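# Overview (structure and organization)
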Amino acid sequence: MHDQVDAAREALGQQLAQMTDTLVMMARQRFADAAAQVQAALRTAAERAASSAAEAQLREAALAGREAALQHALNLLDGAEPPP
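What comes next concerns the included structure. (Residues numbered from 1 in each chain as written. Predicted model: local features only at pLDDT ≥ 70, side-chain atom pairs only at ≥ 80, totals over all residues. Heavy atoms only, no water.)

For the rest of this paragraph, the subject is the pattern of salt bridges. Side chains that differ in sign of charge can pair as their charged atoms come close. The full count for this structure, using the stated rule, is 1 salt bridge. Of the charged contacts in the structure, one is a salt bridge between E55 and R59, with a shortest N-O distance of 3.8 Å. Linking E55 with R59, this pair stays in helix α1 (residues 2–79), spanning 4 residues, or about one helical turn. Assessed through its relative accessible area of 41%, E55 is described here as partly exposed. Classification of R59 as exposed rests on a relative accessible area of 51%. (Salt bridge = Lys/Arg side-chain N within 4 Å of Asp/Glu carboxyl O. Helix = DSSP H or I, 4+ residues; strand = E, 2+ residues; numbered from the N terminus. Buried < 20%, exposed > 50% of the residue type's maximum accessible area, 1.4 Å probe, protein only.)

Let's shift gears to the environment of T44. Inspection of the secondary structure puts T44 in helix α1. The exposure class assigned to T44 is partly exposed, which follows from its relative accessible area of 32%. When the C-alpha positions of T44 and G79 are compared, they lie 52 Å apart, and in sequence the two are 35 residues distant.

Once that is clear, we can look at the environment of T22. For T22, the position within the fold is in helix α1. Along the backbone, T22 and A40 are 18 residues apart, and their C-alpha atoms lie at a distance of 27 Å.

So this is what it looks like as structure tokens:
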């Protein structure tokens with residue numbers, strides 16, 4: 001009877017060890033997946049921020065060009081002679 005109890009304890013110990021190993025492996029995989037998702041989100045946020053800054057610079061350059069054109073037109077109008 002004692003041998004059967006020892007065998008059952010050993011079998012349960014092996015099952016517990018296997019289950020623990022499986023649980024640790026699953027936890028590591030979930031952590032790795034979550035870390036990869038966070039890294040991807042941070043990369044996406046950085047790309048969007050850079051894109052937004054570049055777009056803002058392009059819009060500002062376009063507006064500056066329009067402002068220069070309007071200023072030039074005003075200067076031409078200021079220099080024009082009034083109609084007779």
